[in-house]
Structures are given as C-alpha cells and as structure tokens.
Amino acid sequence: MSKLYLVGTGPGSSDYLTKAAIDAVESVDVLVGSQRALDLFPGFVGDTLVLRARNMDEMMKKSISLVDEGKDVAILSTGDPGFSGVLKPILNLRDDLDIEVIPGISSLQLAAARIQLPWDQANLLTLHGKGNSQVILDYLDNGKPTIVLPDFRVEKLAQFLLENGIHLERKVAVCERLSYPDERLFKGTLKEIAGKEFSYLCVMVIY
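Cut-offs and rules
- Residues numbered from 1 in each chain as written.
- Predicted model: local features only at pLDDT ≥ 70, side-chain atom pairs only at ≥ 80, totals over all residues.
- Heavy atoms only, no water.
- Salt bridge = Lys/Arg side-chain N within 4 Å of Asp/Glu carboxyl O.
- Helix = DSSP H or I, 4+ residues; strand = E, 2+ residues; numbered from the N terminus.
- Buried < 20%, exposed > 50% of the residue type's maximum accessible area, 1.4 Å probe, protein only.
- Phe/Tyr/Trp six-rings, centres within 6.5 Å; stacked < 30°, edge-to-face > 60°.
- Lys NZ or Arg CZ within 6 Å of the ring centre and 35° of its normal.
- Polar contact = N/O pair within 3.5 Å; in protein donor to acceptor, adjacent residues only side chain to side chain.
- Contact = heavy atoms within 4.5 Å.
- Core = buried A, V, L, I, M, F, W, Y, C linked by side-chain atoms within 4.5 Å.
- Expected span 1.5 Å × (residues − 1).
- Arc of directions from axis to C-beta.
- UniProt positions renumbered as here; feature names shortened; annotations may be inferred.

## Regarding the pattern of salt bridges
Think of it this way: side chains of opposite charge can pair up when their charged atoms draw near. Under the counting rule described, the total for this entry stands at ten salt bridges. In this structure, Lys3 and Glu100 form a salt bridge, with 3.0 Å as the shortest nitrogen-oxygen distance. Placement of the pair is Lys3 in the segment before strand 1 (4-8) and Glu100 in strand 5 (residues 99-102), with a sequence separation of 97 residues. What makes Lys3 buried here is its relative accessible area of 19%. A salt bridge links Lys61 to Asp57, with the nearest nitrogen and oxygen atoms 3.1 Å apart.

## Concerning the packing of aromatic side chains
How two aromatic rings sit relative to each other is given by the distance of their centres and the angle of their planes. Per the counting criterion, the structure on display carries two aromatic pairs. Measuring from ring centre to ring centre gives 6.0 Å for Phe152 and Tyr200, while their planes differ by 15 degrees; the resulting arrangement is stacked. Within this pair, whereas Phe152 is found in the loop between strand 7 (146-149) and helix 6 (154-163), its partner Tyr200 is found in the loop between helix 7 (190-194) and strand 10 (202-206), the two being separated by 48 residues in sequence. Over the aromatic face of Tyr180 sits the side chain of Arg177, whose NZ or CZ is 4.5 Å from the ring centroid.

## Thoughts on the side chain of Arg170
Mapped onto the elements, Arg170 comes out in the loop between helix 6 and strand 8 (171-176). In this structure the side chain of Arg170 is engaged in a polar contact, spanning 2.5 Å, whose partner is the backbone oxygen of Leu140. Setting aside residues no more than four positions away along its own chain, Arg170 makes contact with Leu140, Asp141, Gly188, Thr189, Leu190, Ile206 and Tyr207.

## Looking at the nonpolar core
With 21 residues, the main nonpolar core has Ile136, Val148, Leu157, Leu161, Ile193, Met204 and Ile206 as its most contacted residues. Contributions of two or more residues to this core are made by helix 6, strand 8, helix 7 and strand 10. Top contributing element to this core by residue count: helix 6, with five residues. When residues no more than four places from it in sequence are discounted, the contact partners of Ile193 are Val154, Glu155, Ala158, Val172, Val174, Phe186, Phe198 and Met204. Of all hydrophobic cores here, the second largest spans 16 residues; its members include Tyr5, Val7, Leu17 and Leu76.

## Focus on the environment of Glu176
Among the secondary structure elements, Glu176 is positioned in strand 8. Judged by relative accessible area, Glu176 falls into the buried class, the value being 8%. Distance in space between the C-alpha atoms of Glu176 and Met59 is 28 Å, their sequence separation being 117 residues. For Glu176, the contacting residues outside a window of four places in its chain are Glu183, Arg184, Phe198, Ser199, Leu201 and Cys202. Among the polar contacts listed, one links the side chain of Glu176 to the side chain of Arg184, at a separation of 2.7 Å. From its side chain, Glu176 meets the backbone nitrogen of Ser199 in a polar contact 2.6 Å long.

## Some thoughts on helix 3 (residues 56-68)
A rise of 1.5 Å per residue sets the reference length of helix 3, with its 13 residues, at 18 Å; its end C-alpha atoms lie 19 Å apart and thus fit the reference within 8%. Taken residue by residue, helix 3 has Met59, Met60, Ser63, Ile64, Leu66 and Val67 as its buried positions. Buried residues in helix 3, looked at end-on, bunch into an arc of 160 degrees, giving them a common side. Those residues of helix 3 hidden inside the fold are in contact with strand 1, strand 2 (30-33), strand 3 (47-50), strand 4 (73-77) and helix 4 (87-93). In the stretch just after helix 3, Gly70 is the one whose phi turns positive, near 105 degrees.

## A few points about the UniProt feature "domain: Tetrapyrrole methylase" (unreviewed entry) in the protein
In the numbering used here, UniProt assigns the "domain: Tetrapyrrole methylase" (unreviewed entry) feature to residues 3-194. When the span residues 3-194 is considered, its composition is 29% helix and 22% strand, and the gap between its end C-alpha atoms is 45 Å.

Structural data, given as structure tokens:
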C-alpha cells in the first residue's frame, strides 16, 4: 500500500537532517518541497514537485492524488511537520491516508539552544500566515519568555509590539538564518530590533 511521508528537514542545514528523514526520502517515488528543502537531497533520482507559498493547496492535493495512484510520496517540511508545517493542511484535506510523520529539529529548538534557554519553560508561537496578530499580546505578560516564528519580517513584528504598548526596553533576541554559515544572533531591546533589518529566516525570543 502506498504511503505519504511528512518529513521534517530541520532548520536548513543538512547537518540537522535525521537519518530517519534521509531513509524516508530514499524510499519514495516522488519528493515534494520548497526549493530550499529539495536542495538538501541533491542525489534524489525520482520525480520532484516544487512547493511554493502560492501553490501550497494545489501541491498538497497533488501529493494525495499521487498516493491514491499507488506512489510513495514524501512532502518535505522545513523544521518539524507538526509545528507550522505540512501536517495540519494534509489532515485538513484527508485523514484516511497511510501517513507517517518524520519529526525534524525545529528552528525554535535551535534558537533555544543557541541562547541556552530551557524551552520547556517558554511560550511557543507561530505567526506564519497570520500577520502580526493580536494573539501574541496574550502571551507576553505570563512570566515566561516567548519564542515566536514571525509572519515575515521580524522588525515589523517589533514595530507592531511597540505600537501595542509593549515597552521599548523589553529584552529580545533574534536568531537569524539558524544553522547556515552566515547565522547571526542579535540580543537587544525591542526598540533596537524595530530599527534594524533582518532576513525572513528568523526566530524571535521576547523575554
């Protein structure tokens, strides 16, 4: 029986790929993922489908139809499939498939490691696809640090927080391009973050 694998590929570098992820990819007929994720498997010899923000729903449905046709398919999910990944959209489409989830190392985990924060003591939040939502404001005063995946630009999130009454001297850290050679860690205040520019590959920690 054909199977759909949802494979976590970690924060970006091949150093953080698990053996389980590699083995799953080597076993399938079709590999689906963003170009950044597909580039982690240059030796894959089957068919590939490129996943983009604008064709997400189409590619999820295409992946399911390929499984229905008898092919084994792996959808690559940067980070972990269960956190702001492909697990939720797949289950929203079909819950009767033979699915195996291969967990990956989330950028939130790596951010916590870089700043030496025990992440079982933190709020975990994703704003991907939600914009700078008011939901984050409910997390910031419960006595725990908040690790957040911004929707897009971390400096825009900082500006949003300032506009909504969060103190300009609030301590924050930005972990940028985690696991890549040009990885950068910036620690400062919310005001400082709001005045800088970062790439879209960032995790923000608010203390």
